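An overview of the molecular structure
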Amino acid sequence: MPVRFEVNGKPVEVEVEPRLTLADCLRHHLRLTGTHVGCEHGVCGACTVLVDGAAVRSCLFLAVQAEGAKVVTVEGLSLEEGLTPLQASFRRHHALQCGFCTPGMITTAHALLSEEPDCDADRVREVLSGNICRCTGYISIVEAVLDARAAYKRDGKGA
Amino acid sequence: MRTVNSFVGQPIERLEDLRLVRGRGQYVDDLARKNMLYAVILRSSTGHGRIRSIDIAAAKGLLGVRAVITAADLGERTPVVPMRLQPLPDFEPFAQPVMARDKVRYVGEALAMVIADTAGIAEDAIGLIDADIEPLPAVSTWQFAAKNEALLFEDTGSNTSMVFRAVLGDAAAAFKDAPYTRRECFSTQRHTALPMEPRGVLAEWNDAQGKLTVWGAAKVLFANRRILAKAMGLTEAAIDMVENDVGGGFGARGEFYPEDFLIPFAARYVGRPVKWTEDRREHLMTINHARESAVDVEIACRRDGTILGLRGHAFVDMGAYMRTNGAVGARNIAQFMSGAYRIPNIDIDVTLLQTNKTPVGTYRGPGRFETDFYRERLFDMVARDLGIDQIEFRRRNLVREADMPYKVATITPFESKDELDSGDYSVTLDRCLAEFGWAEKAKLKGKLVDGRYHGLAVSCFIEGGAAGPKESARLVLETDGSLSVYMGSSGVGQGLETAFAQIAADAMEMPMDRINQVLHGSTAYVSDGYGAYHSRSIVMGGSAVLDAAKKLRDIMRAEAARRLNCGAGEVVLADERASAPGGKSVSWAELAPEPISIEGAFHNHKHTWAYGAHAAHVTVDPKTGQVALLDYVAVENCGRMINPLTLKGQLVGAVVQGLGGAFLEHLVYDDSGQLLTGSLADYLVPTASDFPKIRGFVMESHPSPINPLGAKGAGEGGIISVGGVISNAIADALSSLGAEPRDLPLSPPRVWQLVQDARK
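Residues numbered from 1 in each chain as written. Chains lettered and ligands numbered in written order. Predicted model: local features only at pLDDT ≥ 70, side-chain atom pairs only at ≥ 80, totals over all residues. Heavy atoms only, no water.

**Some thoughts on the overall build of chain B**
Assigned secondary structure in chain B consists of 20 helices and 34 strands. Across its three principal directions, the C-alpha atoms of chain B cover 85 × 75 × 50 Å. When each of the 760 residues of chain B is scored for burial, the buried share is 67%. Across chain B, the fraction of contacts at a sequence separation of at least 24, relative to all contacts at a separation of at least 6, is 82%. As displayed, chain B offers around 25,300 Å² of accessible surface, 51% of which is attributable to carbon and sulfur atoms. (Helix = DSSP H or I, 4+ residues; strand = E, 2+ residues; numbered from the N terminus. Buried < 20%, exposed > 50% of the residue type's maximum accessible area, 1.4 Å probe, protein only. Contact = heavy atoms within 4.5 Å. Areas by Shrake-Rupley, 256 points an atom, 1.4 Å probe, with all protein chains shown as cover.)

Here it is, written out as C-alpha cells:
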C-alpha cells in the first residue's frame with residue numbers, strides 16, 4: 001500500500017507492505033542507511049528517529065503509521081559540510097568508537113536538548129538509558145551531550 | 001620548520017568520526033547490489049538431537065523463493081570450521097560443520113537456508129520448513145559433560161576435547177612444606193561480547209571471471225579467505241574479502257562462522273548476490289559465547305604473605321564445537337592465573353568440556369577476566385587470613401622491574417612459552433591508589449552508613465598484546481605529493497585510521513592532513529595481513545608503517561638525488577620537499593610522476609605486556625542485595641601512547657563492559673539446552689544510568705623493547721580486573737558478616753543470598 005510522509009524536509013511516497021517497519025522503509029526503500037537496526041525489539045535504541053519531533057524506535061513503528069508525519073533521521077540532523085555543534089561535541093569528547101549506536105544517540109540527544117536545553121547529567125543519563133552503547137561506557141557520551149547544551153540554548157535548534 | 005614526531009602521543013580527534021557521527025558510515029547491511037537476494041537461516045530449536053528429516057517442499061513452493069539449501073546440497077562432505085589458533089589434532093573431531101547434517105548440538109545451529117527476493121519472503125519460507133528432530137539427552141552443564149553419560153560426538157567416546165597444563169617450577173615441592181595454604185572454588189558465568197552491529201555477510205559470485213567478493217568480513221580477513229578458499233574449492237586470489245565499517249568486535253565478530261561459508265556458497269549456487277543479516281535473537285544464540293568456567297585452586301604462602309605456589313584444576317564449558325579460537329580462553333586461564341605477580345611454582349590443568357550450548361570463542365580479555373577474578377578473590381581471602389593489608393599483599397608479590405623479562409608458566413601439550421617484557425608494576429598501583437583517594441576512602445571500609453555497607457578493593461593486571469607473526473602496511477606517495485596508507489590490520493571500531501595516520505605522518509615527517517586516507521580491510525590492499533586480535537594492531541601494524549615509511553623515504557631520496565645531482569644520503573626530506581645540500585629542491589609531488597608504492601612489514605614472535613591497576617568503591621544494601629558503584633578508577637600503562645584520547649576511551653569502555661560481566665550479563669540455559677536469554681530484554685548489558693562514575697588514566701613509560709614504536713597493545717586492560725575488583729569490594733563491604741562471593745555475576749539476588757547465608 002502507498003504511504004506518504006516527509007523525510008528530512010522532503011515529501012516521499014513509498015509503496016510498502018503493511019508489515020514493513022519504518023526502519024526498514026528508511027534503510028532499504030529510501031536508502032537512508034544512517035538509521036541503524038540493532039535489535040528489532042525496541043531495546044537498543046540504534047534505530048531512533050524523530051517523528052513529529054518525538055524520539056521514536058523506528059523498528060517498532062510501521063511505515064504505514066508514518067502517513068502524514070514529519071520524519072527526521074540522523075541525515076536530516078547533519079550539515080552538507082562540517083559537523084553540527086552536537087556532532088562536534090561527540091567528536092571532541094570521543095563519544096563514539098564503532099559508531100553503530102551513534103545515530104540513535106544523536107537523534108535521542110537532539111530531541112532531549114530541543115525540549116530541555118537546561119537538563120542536568122542525571123536527566124541525560126535517564127533519557128539515554130534507552131540507547132545501548134557497547135564501546136564507550138557512556139561517560140563520554142553524557143559529557144558530549146551536556147557540552148552541547150549551549151548550542152540549543154542559543155537558538156533552540158542546536159545549529 | 002620540520003615536523004618531527006608531533007602527532008604520536010597527541011589526543012587527536014578521530015578521522016572516522018566525520019562520517020560516523022553523520023550517519024555516513026557504511027556497515028555491511030547498508031550495502032545493496034543489483035539483483036540482490038536475501039538469505040535467512042533456519043536454526044535448531046533443539047539443544048541435542050538426531051535429524052530424522054527436513055522437509056523443504058512447502059518452502060520451495062513459496063513465490064519469491066529462489067533456493068532452499070540444506071546440508072545435502074553442500075556436497076558429499078559438509079565443510080567444517082577449522083581452528084585458526086591452537087589447531088591441535090585432538091580438536092579435529094569436535095569441529096563444527098557449517099550446517100547440521102546428522103545431529104544438532106546446540107540451539108541456534110543452522111539446519112537450512114532460504115534464499116528469496118526479500119528477507120520477508122525468506123522468513124515466511126523458513127516457517128514452512130518442517131524439521132523432524134529426535135531429541136537426545138542434553139548435556140547442559142560442564143559437570144554433566146564430564147560424566148560422559150551422554151556424548152555429543154559418539155565416535156570420540158568423551159566430551160573432553162583437551163586438557164591443557166600450565167607448569168612453572170615445582171609446585172608439589174612448594175606445597176609440601178608450606179606454612180600456609182588455602183583452597184577455594186570459584187566460577188564465572190557464560191556471557192558474550194555483544195557488538196551492537198549484528199553480523200552480516202554479502203557475497204557476489206562473478207561466473208565469467210570465477211571471482212568471489214565477500215563484504216562484511218572483519219578482524220582476520222586473510223585467515224578467513226584461506227579458510228573460505230579451501231572450503232569453496234577456489235584459489236585465494238579468486239576471493240576478495242572486504243571489510244566495511246564494523247560496529248564493534250571485542251574478539252567475537254570477524255572470526256570464521258558457518259555463515260561465512262554459507263552465504264558465499266549461496267551466491268555461487270543461485271548466481272546472484274546474496275545478503276544475510278542476523279537478528280538479535282539469532283546473534284545471541286550463534287555468535288561465540290565466552291567466560292563460562294570454574295576452578296578449584298590452592299595457594300601456598302609464607303606467613304609474611306610471600307606466595308610460594310599455586311595449583312589446581314580449571315574447567316571450561318566450550319559449548320558444542322571447537323571453533324576458530326575456542327581454546328584461547330581456556331589456555332589463558334591456566335597460563336596467566338599468576339597475572340602480574342611472582343608465583344614461582346605453578347601447576348594448573350584446565351579441562352575443556354563440550355556441552356550442548358553455543359560454541360565459545362574469545363571475548364576481550366579472554367581467560368584473563370576469569371582468571372583475574374579467581375586470583376584476586378583468593379588473594380583477598382589470604383591477606384585477611386594472614387592479617388596483611390590487601391595492598392601490601394599485592395605489592396609484596398608483584399613482578400619487579402628487575403625481574404624482567406619474567407617467564408610465566410609453560411603450557412602443554414603445545415609448548416606455549418611466554419614472558420613479560422618490561423615495566424614497573426608498582427607505579428601503576430601507586431597511581432591508581434592516589435587517583436582513587438584510597439587513604440581517605442579507607443576510613444569507610446566495612447562501615448555501615450545509612451543502611452549500606454561500604455567496601456573497597458584494588459587489583460593489578462597485565463594485558464598481552466602484539467601477536468605475531470607479521471603485519472603488513474603499504475604506503476603510496478601519490479602524484480600530488482600526498483600519502484595513502486594501506487593496512488593489513490582490521491578496524492573494528494577502535495579508531496585505527498586516526499592512529500595509523502598519526503604514526504605515518506610522524507614517520508614520513510609530513511602534515512597529517514596530507515594523508516589522503518588510511519585504508520584497511522580488504523585483501524586487495526596488501527599482499528598479506530593478519531588482522532585485529534590480541535591487542536596487536538597498533539604494535540604490529542604501526543611498526544609495519546615505520547618499515548614502509550623508511551623504505552619509501554629511501555626511494556624518494558634516491559629519486560631526488562638523481563634529479564638534483566647529489567648523493568642520496570645528502571637529500572633532506574622536509575616540508576614536503578626534497579632538498580640537496582646546495583639549496584636546490586624538488587617537491588614530493590615532482591618525485592612521483594607515477595604513484596610510488598612500497599610495502600613494509602613487521603615480524604615478531606614476542607608479546608607486549610601493558611599493565612595497570614583498578615580500584616573500586618561500592619556500597620551494598622544488605623536488605624535488597626543492591627550494589628552501588630560509587631567510584632571506579634582504572635590506570636593503564638602501555639609503554640608509549642599513540643592517541644591518549646582513544647586509548648582512554650578503550651580503557652573506560654572496557655571497564656563498563658566488564659561491569660556488565662560482573663553484575664548483569666548471563667547467558668542462561670535450561671536442562672534441555674534451551675537458551676533462556678535470547679533478547680536484550682533478558683540479556684542485560686550496562687546502560688547510561690548504571691555506572692556514572694568511571695575514571696580512566698592512561699600512562700606511558702618503560703617502552704616495550706620488542707618493537708620500534710615502544711608501544712604495547714592496549715584496549716583489553718579495562719575489562720580484565722573488573723570481576724575481581726568488584727567482587728573483592730563487595731566482600732570488603734560485607735566483611736563484618738564474613739560473606740565471600742565465589743561466583744559471578746553478582747546480581748542483586750545473588751548478593752542478597754550471600755548476606756542471608758552469612759547470617760545463618
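There's more to say after this.
**Observations regarding the overall build of chain A**
Helices and strands together make up the secondary structure of chain A, namely six helices and five strands. Counted from the first residue to the last, chain A has its helices and strands arranged as β-β-α-β-β-β-α-α-α-α-α. Relative to the globule expectation of 15 Å for 159 residues, the C-alpha radius of gyration of chain A, 15 Å, shows essentially globular dimensions. Seen through its principal axes, chain A has C-alpha atoms that stretch 45 × 30 × 25 Å. Among the 159 residues that make up chain A, the fraction classed as buried is 58%. Carbon and sulfur atoms make up 51% of the accessible area of chain A, which amounts to about 6,200 Å² in all. Separation of charge centres in chain A, based on 16 positive and 20 negative side chains, amounts to 4 Å. (Rg over C-alpha atoms; globule rule 2.2 N^0.38 Å. Lys, Arg positive; Asp, Glu negative; His and termini not counted. Charge placed at Lys NZ, Arg CZ, Asp CG, Glu CD.)

**Topic: the sheet that holds strand β33 (residues 627-637) of chain B**
Residue and element names in this part refer to chain B. The strand order β23-β24-β32-β33-β34 describes an open sheet built from five strands, whose pairing is mixed. What marks the edges here is a single partner per strand, and that holds for β23 (448-449) and β34 (695-699). Pairing between strand β32 (residues 608-620) and β33: ten bridges, direction antiparallel. Note on β33: the bridge partner recorded for T619 is A628. Its contacts with the sheet put helix α12 (residues 425-436) on β24 (452-465), β32, β33 and β34, and the angle it makes with β32 is roughly 30°. (Pairing = 2+ DSSP bridges. Axes fitted to C-alpha atoms, helices over the stretch in contact; angles between N-to-C directions.)

**A look at the packing of aromatic side chains**
Residues and elements named next belong to chain B. Scanning the entire structure with this criterion turns up 19 aromatic pairs over all chains. Judged by centre distance (4.8 Å) and plane angle (80°), the ring pair of Y341 and F379 falls under edge-to-face. Of this pair, Y341 sits in the loop between α9 (328-335) and β19 (345-354) while F379 sits in helix α10 (residues 368-386), placing them 38 residues apart in sequence. Ring-pair connections join several aromatic residues into one group, and the members of that group are F94, Y106, F153 and Y321. Positioned above the aromatic ring of F175, the side-chain terminus of R311 is 3.9 Å from the ring centre. The ring centre of Y533 lies 5.3 Å from the NZ or CZ of R536, which sits over that ring. (Phe/Tyr/Trp six-rings, centres within 6.5 Å; stacked < 30°, edge-to-face > 60°. Lys NZ or Arg CZ within 6 Å of the ring centre and 35° of its normal.)

**Quick look at the nonpolar core**
Formed by 180 residues in total, the largest nonpolar core has its most connected members in F90(A), Y632(B) and I726(B). With sequence-adjacent residues up to four places away left out, I726(B) is seen in contact with A616(B), V618(B), L629(B), Y632(B), L659(B), A662(B) and F663(B). Grouped together as the second largest cluster of nonpolar side chains are 49 residues, L477(B), F500(B), L552(B) and I596(B) included. (Core = buried A, V, L, I, M, F, W, Y, C linked by side-chain atoms within 4.5 Å.)

**Structural notes on helix α3 (residues 102-115) of chain A**
Residues and elements named next belong to chain A. Here α3 spans 20 Å end to end across 14 residues, near enough to the 20 Å set by a 1.5 Å rise per residue. Most of α3 is tucked away: twelve of the 14 residues are buried. Among all positions of α3, only T102, P103, G104, M105, I106, T107, T108, A109, H110, A111, L112 and L113 are buried. (Expected span 1.5 Å × (residues − 1).)

**Concerning the interface of chain A and chain B**
Taken together, the contact between chain A and chain B spans 45 residues of the former and 57 residues of the latter. When the two sides are added together, the surface that chain A and chain B hide from each other amounts to roughly 4,100 Å², 55% of it contributed by carbon and sulfur. On the chain A side of the contact with chain B, R91(A), H94(A) and R134(A) bury the most area, a combined 22% of that side's loss. Here chain A is connected to chain B by five salt bridges. (Buried area = accessible area lost by both parts, 1.4 Å probe. Salt bridge = Lys/Arg side-chain N within 4 Å of Asp/Glu carboxyl O.)

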